[in-house]
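Architecture and fold: a report
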Amino acid sequence: PASPYQYRADYPGTGNYLHNRGFSANVQWDIAGGYQLKSITGGRTIVINTQYDSDGTELPIYTAVRNDQSRSLSQEFQIISPADRRLDWIGGLYFYRESAHDLTTTGGPYAYGPFYLTDASGNYLYSGVTNQYLSLDIPFDDLGVFNSTNISKSYAAYGQMRFKFTPKLQGTLG
């Protein structure tokens, strides 16, 4: 490359695809006696398909293909007491789930060559003894596969109380 910011590859284009989608909702209901019920929901889906040239040359030496998918969902329910009383409180339930899958393949069963040798100026080296350009034949048989699935789950129940002893003194437990 002419500059350190240029990149060479053995395939055209970048081969990248990214799809990212999410949603969220925060809904609150006023129920009898000044109490509130709240639902907080969120979710996200991500799909990434990419191909990249790990050796950074125009030769088909080492290419990787990566396919990632991730989906997550969180849900929280809260019940909240009126705040204008001597004792107020909040209680809730929380759930989170994420599943992620990654499939990456690298290298490949290839036989490379001949690679023609050049001098520092980029001129091909020629042998007057053999009357041919100098080259290397490199057998390369490397296929790497990384295949993983991860599932994360989280659950919680929580609560907090506040007691107002006086207008200026209060205690919180939770």
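Quantities reported herein were computed from a predicted structural model and do not represent experimental measurements.

Quick look at the overall build of the protein chain
Regarding its fold elements, the protein chain presents zero helices and eight strands. Going residue by residue from the N terminus, the α and β elements of the protein chain occur as β-β-β-β-β-β-β-β. Here the protein chain holds 174 residues, and the buried ones make up 18% of them. At a minimum sequence separation of 6, the contacts of the protein chain that also span at least 24 residues come to 63%. By element, 56% of the accessible surface of the protein chain is carried by carbon and sulfur atoms, the whole surface being about 12400 Å².

Brief notes about the side chain of Thr104
Relative to the helices and strands, Thr104 resides in strand E4 (residues 87-116). A relative accessible area of 11% means that Thr104 is categorised as buried. Of the polar contacts made by the side chain of Thr104, one reaches the side chain of Asp102; its length is 3.1 Å. Apart from residues no more than four positions distant in its own chain, Thr104 is found in contact with Tyr52, Val65, Arg66, Gly144, Val145 and Phe146.

Topic: a nonpolar patch on the surface
Together, Val27, Trp29, Ile31, Leu37 and Ile79 line one region of the surface with nonpolar side chains, adding up to about 380 Å² of accessible area. Of note, Val27 is situated in strand E1 (residues 17-30). Among the residues examined, Val27 registers a relative accessible area of 35% and is labelled partly exposed.

Some remarks on the pattern of salt bridges
Two side chains carrying opposite charge are able to pair once their charged atoms lie near each other. Taken as a whole and assessed by the stated rule, the structure comprises four salt bridges. With a closest N to O distance of 3.6 Å, Arg66 and Asp102 form a salt bridge. Note that Arg66 is positioned in strand E3 (residues 63-80) and Asp102 in strand E4, a separation of 36 residues in sequence. The class of Arg66 is partly exposed, set by a relative accessible area of 33%. Owing to a relative accessible area of 11%, Asp102 belongs among the buried residues under this scheme. When the shortest N-O distance is used, the salt bridge between Lys164 and Asp88 registers 3.7 Å.

So, the confidence of the model for the protein chain
The predicted structure's coordinates, where accompanied by low pLDDT, should not be read in detail. Mean pLDDT over the protein chain stands at 82; residues scoring 70 or higher make up 72%. Here residues 109-113 scores under 50 on pLDDT; set against residues more than four positions off or in separate chains, the count is 17 contacts.

Considering the environment of Ile46
Of note, Ile46 is situated in strand E2 (residues 36-53). The sequence separation of Ile46 and Gln69 amounts to 23 residues, and the corresponding C-alpha distance is 5.6 Å. Residues within four places of Ile46 in sequence aside, it is in contact with Leu18, His19, Asn20, Asp68, Gln69 and Ser70.

Scoring rules and cut-offs
Residues numbered from 1 in each chain as written. Predicted model: local features only at pLDDT ≥ 70, side-chain atom pairs only at ≥ 80, totals over all residues. Heavy atoms only, no water. Helix = DSSP H or I, 4+ residues; strand = E, 2+ residues; numbered from the N terminus. Buried < 20%, exposed > 50% of the residue type's maximum accessible area, 1.4 Å probe, protein only. Contact = heavy atoms within 4.5 Å. Areas by Shrake-Rupley, 256 points an atom, 1.4 Å probe, with all protein chains shown as cover. Polar contact = N/O pair within 3.5 Å; in protein donor to acceptor, adjacent residues only side chain to side chain. Patch = residues over 30% accessible without salt bridge, like charges linked within 9 Å, V, L, I, M, F, W, Y side chains within 5 Å. Salt bridge = Lys/Arg side-chain N within 4 Å of Asp/Glu carboxyl O. pLDDT = per-residue confidence, 0-100.

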